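Spelled out from the first residue to the last, the chains are:
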Amino acid sequence: MSIWDEKNECMSRDEMEQLQLERLQAVMNRVHKNVVHYRKTFDALGIIAEDVRSLSDLAKIPFTTKEDLLINYPYGMFAVPLREVVRIHSSSGTTGKPIVAGYTKNDIRMWSDLVARLMTAAGVTHDDLVQIAFGYGVFTGAFGMHYGAEAIGASVIPMGTGNTDKQITIMQDYKTTALVSTPGYALALAQRMEQLGINPNALNLKTGLFGGEPWSEKTRAEIERRLMLTATDNYGLSEVIGPGVAGECLCKNGLHIYEDSFIPEIIDPDTGKVLSPGQSGELVLTTLTKEAFPMIRYRTGDITSLNYAKCDCGRTLARMRKVMQRSDDMLIIKGVNIFPAQIEEALFRVAQGETPYQIIVERKGAMDSVEIIVEVTDKIFSLELQKQRSFLETVKKRISDQTGINVDVKLVEAKSIPRQQDGKIARVVDKRPM
Ligand code: DLL
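Keep in mind that what you see is a predicted model, and the values were worked out from it rather than measured.

Undergrad: I'd like a rundown of the sheet that holds strand β18 (residues 357–364), residues and numbers included.
TA: The four strands are arranged β20-β19-β18-β21 in an open sheet whose pairing can be described as mixed. Of all strands in the sheet, those with a lone pairing partner are β20 (408–412) and β21 (428–430), marking the two edges. With direction set aside, neighbouring strand axes in the sheet form an average angle of 20 degrees. Pairing of β18 with β21 involves three bridges; the strand directions are parallel. Within β21, the position partnered with Val-361 by the bridge is Asp-430.

Undergrad: Explain the sheet that holds strand β15 (residues 325–326) to me, and be specific about the residues and the numbers.
TA: Within the open sheet, the four strands sit side by side as β10-β11-β12-β15. Their pairing is antiparallel. One side of each edge strand has no neighbouring strand; the edge strands of this open sheet are β10 (262–267) and β15.

Undergrad: Requested: an account of the site of the ligand, with residues and values cited.
TA: Around the ligand, a shell composed of 23 residues is seen, among which Asp-233, Asn-234, Ser-238, Asp-302 and Asn-337 lie nearest. Within the contact set of the ligand, a nitrogen atom lies 2.7 Å away from a side-chain nitrogen or oxygen of Asp-233. Counting only elements with at least two residues in the shell around the ligand, the list comes to α6 (140–152) and β7 (230–237). Taken together, the residues of the shell around the ligand sort by class into nine nonpolar, nine polar and five charged.

Undergrad: Give a description of the nonpolar core that names residues and reports values.
TA: Of all hydrophobic cores here, the largest spans 77 residues; its most connected members are Met-28, Met-119, Val-130, Met-145, Tyr-235, Phe-262 and Met-320. Once you skip the residues sitting within four places of it in the chain, Tyr-235 turns out to touch Gly-242, Pro-243, Gly-244, Val-245, Ala-246, Leu-255, Leu-283, Thr-300, Asp-302, Met-320 and Val-323. Formed by 23 residues, the second largest nonpolar core is a distinct cluster that contains Ala-346, Val-361, Ile-380 and Val-395.

Undergrad: Go over the packing of aromatic side chains with me, naming the residues and quoting the values.
TA: For the structure on display, the rule yields seven aromatic pairs. Look at Phe-134 and Phe-139: their rings are 5.6 Å apart centre to centre, the planes differ by 70 degrees, and that puts the pair in the edge-to-face class. Phe-134 sits in the buried class, given a relative accessible area of 6%. The exposure class of Phe-139 is partly exposed, given its relative accessible area of 32%. Grouped by ring-pair contacts, the aromatic residues Tyr-75, Phe-78 and Phe-293 constitute a single cluster. The lysine or arginine in question, Arg-87, covers the ring of Phe-143, its NZ or CZ lying 4.9 Å from the ring centre.

Undergrad: Give a description of the environment of His-37 that names residues and reports values.
TA: Topologically, His-37 is positioned in helix α3 (residues 36–45). Residue classification places His-37 among the buried residues on the basis of a relative accessible area of 17%. Along the chain, His-37 and Met-77 lie 40 residues apart, while their C-alpha atoms are 7.0 Å from each other. Apart from the residues within four sequence positions on either side, His-37 is in contact with Asp-68, Asn-72 and Met-77.

Undergrad: Talk me through the pattern of salt bridges; I want residue IDs and the actual numbers.
TA: Per the counting criterion, the structure on display carries 27 salt bridges. A salt bridge links Arg-220 to Glu-248, with the shortest nitrogen-to-oxygen separation between them at 2.7 Å. Placement of Arg-220 in helix α9 (residues 217–227) and of Glu-248 in strand β8 (residues 242–248) is noted, with a sequence separation of 28 residues between them. Among the salt bridges present, the one from Glu-224 reaches Lys-252, with a minimum N-O distance of 2.7 Å. Taken together, the positions of Glu-224 in helix α9 and Lys-252 in the loop between β8 and β9 (255–257) put the pair 28 residues apart, joining distant regions of the chain. Connected via shared salt-bridge partners are Asp-5, Glu-9, Arg-117, Asp-260 and Arg-315.

Undergrad: Requested: an account of the pairing of strand β12 (residues 298–304), with residues and values cited.
TA: Among the seven residues that make up β12, six are buried, leaving the element largely enclosed by the rest of the structure. Where strand β11 (residues 281–287) and β12 come together, four bridges link them in antiparallel fashion. Opposite Val-284, over in β12, you have Arg-299 as the bridge partner. Note: β12 against β15, two bridges, orientation antiparallel. Along β15, the bridge assignment pairs Asp-302 with Arg-326.

Undergrad: Outline a nonpolar patch on the surface, supporting the account with residue identities and numerical values.
TA: Taken together, the side chains of Tyr-75, Leu-82 and Ile-88 make up a nonpolar region of the molecular surface, amounting to roughly 260 Å² of accessible area. Position of Ile-88 relative to the elements: it lies in strand β1 (residues 85–91).

Undergrad: Kindly report on the packing of helix α7 (residues 164–174) against helix α8 (residues 183–195), identifying the contributing residues and their values.
TA: Where α7 meets α8, the axes come as close as 10 Å, and the angle between the chain directions of the two elements is 80 degrees. Judged by the angle between their axes, α7 and α8 are roughly perpendicular. Listed contacts from α8 to Thr-164, Asp-165, Gln-167, Ile-168 and Met-171 of α7 are Tyr-185, Ala-188, Leu-189, Arg-192 and Met-193. For the contact of α7 with α8, a count of residues per class yields six nonpolar, two polar and two charged.

Undergrad: Account for the state of the cysteines, with residues named and values stated.
TA: Taken as a whole and assessed by the stated rule, the structure comprises zero disulfides. Unpaired in terms of disulfides, Cys-249 finds its nearest cysteine sulfur in Cys-313, a separation of 3.8 Å. When its relative accessible area of 1% is taken as the criterion, Cys-249 is described as buried. Take Cys-311: it sits in no disulfide, and the sulfur closest to it among the cysteines is that of Cys-313, at 3.6 Å. Judged by relative accessible area, which is 5%, Cys-311 ranks as buried.

Undergrad: Explain the packing of helix α10 (residues 340–351) against helix α12 (residues 385–403) residue by residue, including any values.
TA: Two quantities define a packed helix pair, namely the angle between the axes and the distance from one axis to the other. Close contact between α10 and α12 brings their axes to 9 Å; oriented N to C, the two are set at 145 degrees. As for how α10 packs across α12, the hand of that crossing is right-handed. Where α10 abuts α12, its residues Gln-342, Ile-343, Glu-345, Ala-346, Leu-347, Arg-349, Val-350 and Ala-351 lie against Phe-391, Thr-394, Val-395, Arg-398, Ile-399, Gln-402 and Thr-403. By residue class, the composition of the contact of α10 with α12 is eight nonpolar, four polar and three charged.

Criteria and thresholds
Residue positions within a chain follow its written sequence, with the count starting from 1. At least 70 in pLDDT is required for a residue's local features to be given in this predicted model, at least 80 for side-chain atom pairs to be given and counted, and no such filter applies to totals for whole chains, interfaces and linings, which use all residues. Working from all heavy atoms in the structure, the side-chain values ignore hydrogens and water. Here a strand pair is declared whenever DSSP counts at least two bridges between the two strands. Under the DSSP-based scheme used, a helix requires at least four consecutive residues in state H or I and a strand at least two consecutive residues in state E, with every element numbered from the N terminus. Fitting a line to C-alpha atoms yields each axis, with helices limited to the stretch in contact; the angle taken between N-to-C directions then spans 0 to 180 degrees. In these notes, residues near a molecule or strand are those with any non-hydrogen atom within 4 Å of it. Any pair of N or O atoms that falls within 3.5 Å is considered a polar contact. Within protein, one atom must be able to donate a hydrogen and the other to accept it, and sequence-neighbouring residues count only if both atoms are side-chain atoms. Gly counts as polar in this scheme, as do all residues outside two lists: the nonpolar Ala, Val, Leu, Ile, Met, Phe, Trp, Tyr, Cys and Pro, and the charged Asp, Glu, Lys and Arg. Grouping buried Ala, Val, Leu, Ile, Met, Phe, Trp, Tyr and Cys residues that are joined through side-chain atoms within 4.5 Å yields what is termed a nonpolar core. We call a residue buried when its accessible area falls under 20% of the maximum for its residue type, exposed when it is over 50%, and partly exposed in between, using a 1.4 Å probe and counting protein chains only. Whether two residues are in contact is decided by their heavy atoms: any pair within 4.5 Å suffices. Between the rings of Phe, Tyr and Trp (Trp by its six-membered ring), a pair exists once the centres lie within 6.5 Å; its type follows the angle of the planes, with under 30 degrees stacked, over 60 edge-to-face, and the other angles tilted. For a lysine, the NZ atom is tested; for an arginine, the CZ atom; a charge sits over a ring if that atom is within 6 Å of the ring centre and within 35 degrees of the ring normal. When a carboxyl oxygen of Asp or Glu is within 4 Å of a side-chain nitrogen of Lys or Arg, the pair counts as a salt bridge. Like charges within 9 Å and nonpolar side chains (Val, Leu, Ile, Met, Phe, Trp, Tyr) within 5 Å are joined into patches, using only residues over 30% in relative accessible area that form no salt bridge. Computed with a 1.4 Å probe, the accessible areas rest on the Shrake-Rupley method; for each residue, only the protein chains presented here act as cover. When an angle is under 35 degrees it counts as roughly parallel; over 145 it counts as roughly antiparallel; between 65 and 115 it counts as roughly perpendicular; any other value is oblique. Count a disulfide wherever a pair of cysteine sulfur atoms falls within 2.5 Å. By definition, turning the near helix anticlockwise from the far helix through less than a right angle yields a left-handed crossing, and turning it clockwise yields a right-handed one.

Structure, rendered in structure tokens:
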């Protein structure tokens, strides 16, 4: 199996910890000097970089959360002046405001290298034709994977999302060998190919790199069978860099975390206590090499566990278990991150008050669909039919403006949404098979 960066991927645990410690002290000094948020936090606790003498000292440093990023929106967490930032990406936050991520020239170089590493681990080489079916825009997925594939020397086809029939024609005509998308979109492509009577054997697909949302082993088996390729998982988040944090090698037994750039920890999401290797909890990441937007102990909200055993591929990098669960209520719909609070806020504004509702997420065919069921309140009930319709349209529009996805909204009778034992409505019913 080929390894892109043997030096950083196969070192002994002692060497890795020494490298991480040196880089951690350097990044702590930098954020203390350049980011007011960290300066205040460290000064309040009297923490200085030299106090971090071993990696276990990391536990003394407070976490960084999505809320911290929102308070410092848009550029407050940047550690370099804006003139050194060459790229800005963003992702959904818990409220209407997105999380804003900046990259220096060096960050882009380093990011490309990380993605080149994960792509090599997944079997991509310079001979591959890589079709990127992520949205090109502020989402990190497309540009991250694009630059990584180019760094390998592969030929990149920057398709973007949607246009499923065209994606299939391009796959046939250009002889695409590697597909990059969300697992959900891979299933949509498979379904459309079946409808069109296209035999995947007649394509040249060999490798699929899927990420951006949770997917099960069952889905992997289905994608591999229907598209006739080897499917690997890769993980990342905008706050930390985008794709390029971790990815599976062809052993498909956990996602290798690029530990020379990120320190992973697993914590109990309720107490914040650091858990031992193998225990399941929330992943916390510290960036070691990022210049523009460094993160110290960022709470990802993703539930996983770590395995430090050497992998059969030869890498000694820690592996994280596939992420299937979150510690909060974030939903990922067609690759877009959504919090029920965003939907609630839109509804509250239009209805001008508290309105009982439930979010139903389903997979229709291969596509995610969202329906918001809203109980008729006296206020809504008293509206004429025409006004009720316009109420529904306004709610739909607000939600789509706020979240970037289209939803259906349906009015139902008062008290008809089932209540739980505690009398409350379950905010989300996710019926999608994993
Ligand atoms: O989804 C970055 C990315 C793009 C990763 C393309 C891989 C491929 P965000 O939009 O900020 O960034 O969403 C990050 O998505 O905290 C997880 O909850 C979820 N997520 C990302 N990759 C996976 C995965 C990108 N492989 C959030 N498995 C993260 C499960 C994933 N969940």
